[in-house]
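# Tertiary structure, described
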Amino acid sequence: QVQLVESGGGLVQAGGSLRLSCAASGRTFSSYAVAWFRQAPGKEREFVAVVSGSGLITDYTDSVKGRFTIFRDNTKNTVALQMNSLKPEDTAVYFCAAKLGGPSGRSYEYVYWGQGTQVTVSS
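Computed from a prediction, not measured in an experiment: that's the story for all the values here.

Before going further, it helps to spend a moment on the overall build of the chain. Looking only at helices and strands, one finds 0 helices and 11 strands in the chain. Along the chain, helices (α) and strands (β) appear in the sequence β-β-β-β-β-β-β-β-β-β-β when read from the amino end. Computed over the C-alpha atoms, the radius of gyration of the chain is 13 Å, within 12% of the 14 Å expected from 2.2 N^0.38 for a compact globule of 123 residues. Taking the principal axes of its C-alpha atoms as reference, the chain extends roughly 40 × 25 × 25 Å. Residue burial in the chain is summarised as follows: out of 123 residues, 46% are buried.

Below, the structure written as structure tokens:
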């Protein structure tokens, strides 16, 4: 069992930065790939970024490449999403999710989910 708790969301102006954090419980955290997904009002949940259990493999959706960075610290059971050059279209509830095995951008593969944290980017 893994429990995930997100933090770090908030209101920021366009061009600004935020760092989201996902804190996980469990003794085998390094066995889990962790991803960030987001869901804007009236839209489906979409993949944002993923990091492998070791932290060596990452992947991003095209719209955030070069602006967002995902990284993890397995000694602290945390995964962070550094978001720079934020745009109004990044406004959404951001969720972290975990799965055993390799990284994936498919939400249905993720068993464990956090409660989400709101990110609002004003123009």
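Past the structure itself, the notes keep going.
Before going further, it helps to spend a moment on the state of the cysteines. One pass over the structure, following the stated rule, counts 1 disulfide. One disulfide bridge connects C22 with C96, the sulfur atoms lying 2.1 Å from each other. Between C22 and C96, the S-S torsion sits near 65°, and that sign places the bridge as right-handed. With C22 in strand β3 (residues 18–24) and C96 in strand β9 (residues 92–100), this residue pair connects regions lying 74 residues apart in the sequence. Residue C22 is classed as buried on the basis of its relative accessible area of 1%. You can call C96 buried: its relative accessible area is 0%.

Structurally, the position occupied by Q115 is in the loop between β10 (112–113) and β11 (117–122). Setting aside residues no more than four positions away along its own chain, Q115 makes contact with L4, V5, E6 and F95.

Before going further, it helps to spend a moment on the sheet that holds strand β8 (residues 78–83). Backbone hydrogen bonds hold the strands of a sheet together, and the pairing may be parallel or antiparallel. A sheet is described by the order of its strands in space; here 4 strands give the open sequence β1-β3-β8-β7, paired in antiparallel fashion. Edge positions in the sheet fall to β1 (4–7) and β7 (68–73), since each of these pairs with one other strand and no more. The sheet shows a mean angle of 15° between the axes of neighbouring strands, direction not considered. Where β3 lies against β8, 6 bridges are found, and the strand directions are antiparallel. Bridged to C22 within β8 is V79.

A separate point is the pattern of salt bridges. Working definition: two side chains of opposite charge can pair if their charged atoms are close together. This model, assessed by the stated rule, comprises 6 salt bridges. With its nearest N and O atoms 3.1 Å apart, the salt bridge here joins K65 to D62. On the basis of relative accessible area, K65 is assigned to the partly exposed category, the value being 46%. For R106, the salt bridge identified is with E109, shortest N-O distance 2.5 Å. Owing to a relative accessible area of 45%, R106 belongs among the partly exposed residues under this scheme. For E109, a relative accessible area of 25% translates into the label partly exposed. If you follow the salt bridges from partner to partner, you end up with R38, E46, R67 and D90 in one network.

Reading guide: rules and limits
Counting starts from 1 at the beginning of each chain's written sequence and moves along it residue by residue. With the structure being a predicted model, the display of local features is reserved for residues of pLDDT at least 70 and the display and counting of side-chain atom pairs for 80 or more, all residues being used for whole-chain, interface and lining totals. Heavy atoms throughout the structure, all of them, feed into the side-chain values; hydrogens and water do not. Here a strand is any run of E in DSSP of at least two residues, a helix any run of H or I of at least four, and the numbering for each starts at the N terminus. Based on C-alpha atoms, the radius of gyration is set beside the globule rule, defined as 2.2 Å times the residue count to the power 0.38. Relative accessibility decides the category of a residue: with a 1.4 Å probe and only protein chains considered, values under 20% of the type maximum give buried, values over 50% give exposed, and everything between is partly exposed. Here, two cysteine sulfur atoms that lie within 2.5 Å of each other are counted as a disulfide. In this description, contact between two residues means that some pair of their heavy atoms is separated by no more than 4.5 Å. By the convention used here, strands pair only if DSSP detects at least 2 bridges between them. Lines fitted to C-alpha atoms define the axes here, with helix axes fitted over just the stretch in contact, and angles between the N-to-C directions of these axes take values from 0 to 180 degrees. Salt bridges are defined by distance alone: a side-chain nitrogen of Lys or Arg within 4 Å of a carboxyl oxygen of Asp or Glu.

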